[in-house]
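Chain by chain, the residues:
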Amino acid sequence: MNIFVSNINFKTQNESLLKLFSAYGEVADARIITDRETGRSRGFGFVEMSNDEEGQAAIDALNGTDFEGKTINVAIARPREERGDHRSSRGGYNHDNRY
């Protein structure tokens, strides 16, 4: 089960997130998303748990709780939406030379 965690303290590390969720079952991966350019935390992350029942137990127990000084939001991660081709929707220069 892929779990979305938001409102994470900007100082929180991947290892702390992994430890928090490990109390509820086996964690396959825990990662905080960082800005590509600065490397700083973006304040949210994802936790992959091996078992759906354990993942749901973690969501139920941790959503709305304090973690490292911030009240975290924990929910099942939704699939990423397709972004599409930005050139076609914003106008500007036509790279294909088709009008």
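Whatever comes next refers back to the structure up there.
Nothing here was measured: the structure is a model prediction, and the numbers come from that model. Per-chain numbering applies: the sequence of each chain, read as written, is numbered from 1 onward. Only residues with pLDDT of at least 70 are given local features in this predicted model, and only at 80 or more are side-chain atom pairs given and counted; all residues enter the totals for whole chains, interfaces and linings. Remark: hydrogens and water are excluded; side-chain values derive from all non-hydrogen atoms of the structure.

A. Molecular detail of helix 2 (residues 52-62). Inspection of helix 2 places Gly55, Ala58, Ile59 and Leu62 among the buried residues, and these make up the whole buried set. All buried residues of helix 2 project into a common sector of 100° when viewed along the axis, lining one side. Those residues of helix 2 that are exposed and aimed more than 90 degrees away from the buried face are Glu53 and Asp60. Any two residues having at least one pair of non-hydrogen atoms within 4.5 Å are treated as being in contact. Strands here are runs of E lasting at least two residues and helices are runs of H or I lasting at least four, both read from the DSSP assignment and numbered beginning at the N terminus. Structurally, helix 2 contributes buried residues whose contacts are with strand 1 (2-6), helix 1 (14-22), strand 3 (41-49) and strand 6 (73-76). Here a polar contact is recorded for every N or O atom pair within 3.5 Å, except that within protein the pair must consist of a potential hydrogen donor and a potential acceptor, and residues adjacent in sequence are included only if both atoms are side-chain atoms. Taking the backbone nitrogen of Glu53 as reference, a side-chain oxygen 2.7 Å away marks Asn51 as the first, capping residue of helix 2. Phi turns positive, to about 80°, at Gly64, one or two residues after helix 2. For every residue, the accessible area (1.4 Å probe, protein chains only) is compared with the maximum for its type, and the residue is labelled buried under 20%, exposed over 50%, or partly exposed between those bounds. Here the arc refers to the directions that run from the helix axis out to each C-beta atom.

B. Looking closely at the sheet that holds strand 2 (residues 27-34). At least two DSSP bridges between two strands are required for those strands to pair. The sheet built from four strands is open, its strands ordered 2-3-1-6 with antiparallel pairing. Strands with a single pairing partner mark the edges of an open sheet, and in this sheet they are strand 2 and strand 6. Neighbour to neighbour, the strand axes of the sheet diverge by 20° on average, direction disregarded. One ladder, built from four bridges, connects strand 1 with strand 6; its direction is antiparallel. Note on definitions: angles span 0 to 180 degrees between N-to-C directions of axes, and those axes are lines fitted to C-alpha atoms, for helices only across the stretch in contact.

C. Region of the structure containing the pattern of salt bridges. The rule for a salt bridge is simple: a side-chain nitrogen of Lys or Arg has to be within 4 Å of a carboxyl oxygen of Asp or Glu. Within the structure shown, the criterion is met by one salt bridge. Notably, a salt bridge pairs Asp29 with Arg31, separated by 2.7 Å at the nearest N-O pair. Overall, the relative accessible area of 33% leaves Arg31 in the partly exposed class.

D. Representation of the pairing of strand 3 within the structure. Bridge count for strand 1 against strand 3 is five bridges, and the pairing is antiparallel. Bridge pairing links Val5 to Gly45 in strand 3. Relative to strand 3, strand 2 is paired through six bridges, and the arrangement is antiparallel. Looking across to strand 3, one finds that Arg31 is bridged to Phe46.

E. Just helix 1, in detail. Restricting attention to buried positions, one finds in helix 1 the residues Leu17, Leu20 and Phe21. Projected down its long axis, helix 1 carries its buried residues within an arc of 90°, all on one side. Facing away from the buried side of helix 1 by over 90 degrees, the exposed positions are Glu15 and Lys19. Buried residues along helix 1 sit against strand 1, strand 2, strand 3, helix 2, strand 4 (66-67) and strand 6.

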